[in-house]
Amino acid sequence: MEEELKKTPLYDLHVSLGAQMIPFGGWTMPARYRDILEEHRAVRDRAGLFDVSHMGEIMVRGISAEGLVQGLLTNDISGLEDGQAIYSPMCAGDGGILDDLLVYRLGQGRYMLVVNAANTGRDLAWIRERAGAGKGVEVEDVSDETVLLALQGPRAVEVIRPLVRFDPGKIDFYRFVWGLVAGARCIVSRTGYTGEDGFEIYTAAGDGERVWQALMESGKNHGLLPAGLGARDTLRFEASLPLYGHELNEGTTPLEAGLGRFVRLDKGSFTGREALEEQRRRGLSRRLVGLSMTDRGVPRAGYPVLLGGKPAGTVTSGGYAPTLKAYLAMAYVPSAVKPGDRVEVLIRGKKCRAEVVPLPFYKRRKEA
Amino acid sequence: MIPDGLLYSTNHEWLKVNGKTGRMGITHYAQEALGSVVYIELPEAGSRVTAGESLGVVESVKAASDYYAPVSGKVSAVNGELPDSPGLINEDPYGRGWIAEIDLEDPAELDGLLSAQGYREMLQKEGK
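These figures come from a predicted structure and were not determined experimentally.

Q: Mind laying out the overall build of chain B, listing which residues take part and the relevant values?
A: On a plain count of helices and strands, chain B comes out with three helices and nine strands. Ordered by position from N to C terminus, the α and β elements of chain B give β-β-β-α-β-β-β-β-β-α-β-α. Here chain B has a C-alpha radius of gyration of 13 Å; the compact-globule value for 128 residues is 14 Å, and the two agree. Projected onto its principal axes, the C-alpha positions of chain B cover 35 × 35 × 20 Å. Taking all 128 residues of chain B together, 47% fall into the buried category. Residue pairs in contact within chain B that sit at least 24 positions apart in sequence constitute 61% of those at least 6 positions apart. When the accessible area of chain B is evaluated, it comes to approximately 6000 Å², of which 47% is carbon and sulfur surface.

So, in structure tokens, the structure goes:
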């Protein structure tokens with residue numbers, strides 16, 4: 001039986017803006033309002049506003065919260081301060097990636113885990129199982145009560161500035177503050193998934209529309225556009241940020257995915273540690289690389305990568321990169337393959353030449 | 001956005017007949033449904049195509065879709081501007097975004113295509 005798709009609290013607003021709605025991770029979400037390329041360019045050059053309330057928010061509280069989270073994740077959260085966030089994979093015992101997420105330290109013994117929509121249920125069960133009962137930690141899914149908006153782009157600071165009493169430019173990357181945005185209590189976090197500067201703004205479901213409207217109004221002077229998951233995907237792809245279900249899955253380890261810097265084998269015990277230690281010791285058999293097409297053709301997820309004419313890997317994400325004006329792909333290939341090497345991608349039965357290139361494809365220029 | 005004087009296929013291609021040749025492309029509705037076109041695979045000039053069969057592939061940001069030959073015949077010309085400027089299909093689907101010209105093999109096939117009015121009604125019926 002097909003489960004009914006969930007709607008974010010902003011669903012009616014998206015429909016009234018003419019969004020094309022698509023199913024994603026169990027939700028019906030805006031794919032685009034008008035044009036993906038236009039929305040993509042708005043975020044790179046000015047600003048875009050995304051409703052990403054499909055993301056899951058899981059609260060972990062209690063005297064054992066830090067120990068629990070530390071044992072679940074490959075990254076080290078022990079040095080996190082209140083008001084700081086960190087990215088981490090979460091692995092199974094065999095080192096396979098269960099999810100990738102952000103951890104917010106809200107206070108001592110209070111963490112918010114922001115997880116992928118499609119994985120929320122499984123993550124919750126996994127975390128609860130490890131928390132056990134009555135062990136000084138409480139795990140709560142607050143996804144349905146939470147609206148998450150992503151304001152992204154070089155003008156993001158100026159768009160939000162008139163709506164807040166703090167200086168949004170003073171929030172460092174991967175830091176957040178609690179504050180009022182247009183009168184609504186929010187977490188304003190200097191994070192994102194587009195490769196641009198910007199904020200992710202968490203608020204109560206009932207306040208979501210007010211915050212969205214205020215940002216849209218303030219953004220009028222800055223060329224802000226509402227942006228859908230289509231542009232979110234092309235933006236994160238150019239910035240080579242991995243997407244669960246594409247670059248990441250249970251059959252892939254963070255080391256293979258190029259996420260080694262988020263795996264802290266020195267931090268003490270965590271789930272998957274032995275397997276990852278073993279893999280690091282023995283070396284990788286495959287890893288994620290970038291490909292740039294030299295023949296004409298659009299590489300797509302699932303297409304085979306050929307080495308010397310023989311299948312040797314698979315494209316995980318691919319397509320046209322609007323900012324770079326190139327046809328690019330991320331793909332798993334044998335780890336001996338290096339930037340500058342020539343491979344082929346099998347596109348509808350046709351072998352199309354490509355060059356291995358370093359990741360990320362796109363990196364924003366930072367102001368001095 | 002459905003010009004009179006053209007013929008239409010149920011697959012959302014248009015055909016403009018000029019004597020024994022037909023110029024084809026995809027309709028405004030089709031380009032809008034696809035979104036920004038970023039790549040097109042054109043048929044080979046000189047190849048023979050059959051009505052209803054895939055003529056090539058048009059790729060938007062999100063997906064690849066086939067487009068089909070509205071009539072049978074020999075491909076006599078392709079739009080050489082498209083490989084470098086596939087966005088013409090979005091900007092001007094009935095003009096500079098044309099895809100190919102086909103020498104008609106069997107003019108009777110034209111009776112199987114829709115008029116502008118017929119295509120309009122089909123879209124309405126499908127709630128589009």
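Q: Tell me about the domain arrangement of chain A, and name the residues and values.
A: Residue and element names in this part refer to chain A. As assigned here, chain A comprises domain 1 (1-282) and domain 2 (285-368). Each of domain 1 and domain 2 has a C-alpha centre, and these two points are 26 Å apart. Between domain 1 and domain 2, the residue contacts involve 19 residues of the former and 21 residues of the latter. Together, the buried faces of domain 1 and domain 2 total about 1700 Å²; carbon and sulfur atoms form 55% of this surface. For domain 1, the biggest contributors to the area lost against domain 2 are Phe237, Glu238 and Glu256; these three give 37% of the whole. The interface formed by domain 1 and domain 2 holds one salt bridge in total. Linking domain 1 with domain 2 are 14 residue pairs in polar contact (both at pLDDT 80 or more). Take the side of domain 1 that touches domain 2: its biggest share by element is four residues, from helix α7 (residues 229-238). When grouped by side-chain class, the residues that make up the side of domain 1 that touches domain 2 number five nonpolar, seven polar and seven charged.

Q: Explain the pattern of salt bridges to me, and be specific about the residues and the numbers.
A: A side chain with one charge can pair with a side chain of the opposite charge if their charged atoms come near. Residues and elements named next belong to chain A. This structure, assessed with the given rule, holds 33 salt bridges over all chains. Note that Lys170 and Asp167 form a salt bridge whose closest N and O atoms lie 3.7 Å from each other. With a relative accessible area of 66%, Lys170 lands in the exposed category. Glu278 is the salt-bridge partner of Arg281, the closest N and O atoms lying 2.7 Å from each other. Of this pair, Arg281 and Glu278 both sit in helix α8 (residues 273-282), three residues apart, which is roughly one turn of that helix.

Q: How would you summarise the sheet that holds strand β10 (residues 146-152) of chain A if you had to cite specific residues and measurements?
A: Residue and element names in this part refer to chain A. Strand order in the open sheet formed by six strands is β11-β12-β13-β10-β4-β14, with mixed pairing between adjacent strands. Sheet topology places β11 (176-181) and β14 (225-226) at the edges, where each strand pairs with a single neighbour. As paired elements, strand β12 (residues 184-189) and strand β13 (residues 198-204) share four bridges and run antiparallel to each other. The residue bridging Ser189 from the neighbouring strand is Glu200, located in β13.

Q: Outline the nonpolar core, listing residues and values.
A: All names here are of chain A. Membership of the largest hydrophobic core comes to 70 residues, with the highest contact counts inside it found for Tyr104, Met112, Val114, Leu291 and Val345. For this core, the leading source of residues is strand β18 (residues 326-334), giving eight residues. Summarising the domain contributions, this core has at least three residues from each of domain 1 (1-282) and domain 2 (285-368). Excluding residues within four positions of it along the chain, Val345 makes contact with Leu291, Met293, Pro299, Tyr303, Pro304, Val315, Lys350, Lys351, Cys352 and Ala354.

Q: Describe the pairing of strand β15 (residues 286-293) of chain A, with residues and values.
A: All names here are of chain A. Burial analysis of β15 places six of its eight residues in the buried class, which makes it a mostly covered element. Strand direction decides the pairing type here: β15 and β18, joined by seven bridges, are antiparallel. By the bridge assignment for β18, Leu291 is matched with Ala329. Where β15 lies against strand β20 (residues 350-357), four bridges are found, and the strand directions are antiparallel. Directly across from Met293, in β20, lies its bridge partner Ala354.

Q: Explain the packing of helix α2 (residues 36-45) of chain A against α7 of chain A to me, using residue names and the numbers behind them.
A: All names here are of chain A. Look at α2 against α7: their axes get within 8 Å of each other, and the N-to-C directions meet at 55 degrees. For the element pair α2 / α7, the angle class is oblique. The handedness of the crossing between α2 and α7 is right-handed. The residues of α7 that touch α2, namely those facing Ile36, Glu39, His40, Val43 and Arg44, are Gly230, Ala231, Thr234, Leu235 and Glu238.

Q: Quick rundown of empty space enclosed by the protein? Include the residues and the values.
A: It is the rolling of a water-molecule-sized probe over the atoms that shows where space remains empty. Overall, the coordinates contain one cavity of 30 Å³ or more when judged by the stated rule. Its boundaries defined by the atoms lining it, the largest cavity holds a volume of some 30 Å³. Lining the largest cavity, in full, are Arg32, Asp35 and Ile36 of chain A together with Leu34, Gly35, Ser36, Ser60, Val61 and Lys62 of chain B.

Q: Summarise helix α3 (residues 65-72) of chain A; cite the residues concerned and give the values.
A: Those residues of α3 of chain A that sit buried are Ala65, Leu68, Val69, Gln70 and Leu72 of chain A. Buried residues along α3 of chain A sit in contact with β5 (56-61), β6 (84-91), β7 (97-107), β8 (110-115), α4 (120-131) and β9 (138-141) of chain A.

Q: With reference to specific residues and values, describe the interface of chain B and chain A.
A: Each partner contributes residues to the interface: chain B has 17 residues there, and chain A has 15 residues. Taken together, the two surfaces of chain B and chain A that pack against each other cover about 1300 Å², and 44% of this comes from carbon and sulfur. Considering only the surface of chain B that becomes buried against chain A, Val38, Tyr39 and Val61 of chain B emerge as the three largest contributors, covering 40% of it. At the surface where chain B touches chain A, the tally comes to five salt bridges. With a shortest N-O distance of 3.0 Å, Glu41 of chain B and Arg348 of chain A are connected by a salt bridge. Between chain B and chain A we count 14 residue pairs in polar contact (both at pLDDT 80 or more) in total. Every element with two or more residues in the side of chain B that touches chain A is listed here: α1 (28-34), β4 (37-41) and β6 (54-60) of chain B. Along the lines of polarity and charge, the residues of the side of chain B that touches chain A split into nine nonpolar, three polar and five charged.

Q: Explain the environment of Glu81 of chain B to me, and be specific about the residues and the numbers.
A: Residues and elements named next belong to chain B. Mapped onto the fold, Glu81 is located in the loop between β8 (73-78) and α2 (88-91). The exposure class of Glu81 is partly exposed, given its relative accessible area of 35%. Sequence spacing of Glu81 and Ser115 is 34 residues, and the spatial spacing of their C-alpha atoms is 28 Å. If near-sequence neighbours (up to four positions away) are discounted, Glu81 is found in contact with Leu88 and Arg96. Within the structure, Glu81 has its side chain in polar contact with the side chain of Arg96 (distance 2.5 Å).

How each quantity is defined
Residues numbered from 1 in each chain as written. Chains lettered and ligands numbered in written order. Predicted model: local features only at pLDDT ≥ 70, side-chain atom pairs only at ≥ 80, totals over all residues. Heavy atoms only, no water. Helix = DSSP H or I, 4+ residues; strand = E, 2+ residues; numbered from the N terminus. Rg over C-alpha atoms; globule rule 2.2 N^0.38 Å. Buried < 20%, exposed > 50% of the residue type's maximum accessible area, 1.4 Å probe, protein only. Contact = heavy atoms within 4.5 Å. Areas by Shrake-Rupley, 256 points an atom, 1.4 Å probe, with all protein chains shown as cover. Domains from an automatic or database assignment. Buried area = accessible area lost by both parts, 1.4 Å probe. Salt bridge = Lys/Arg side-chain N within 4 Å of Asp/Glu carboxyl O. Polar contact = N/O pair within 3.5 Å; in protein donor to acceptor, adjacent residues only side chain to side chain. Nonpolar A, V, L, I, M, F, W, Y, C, P; charged D, E, K, R; others polar. Pairing = 2+ DSSP bridges. Core = buried A, V, L, I, M, F, W, Y, C linked by side-chain atoms within 4.5 Å. Axes fitted to C-alpha atoms, helices over the stretch in contact; angles between N-to-C directions. Parallel < 35°, antiparallel > 145°, perpendicular 65-115°, else oblique. Left-handed = near helix turned anticlockwise from the far one by under 90°. 1 Å grid on protein atoms, 1.4 Å probe; cavity = no way out; pocket = protein on both sides within 12 Å on 5 of 7 lines; lining within 4 Å. Points joined across faces, edges and corners; volume = space filled by probe spheres on them.

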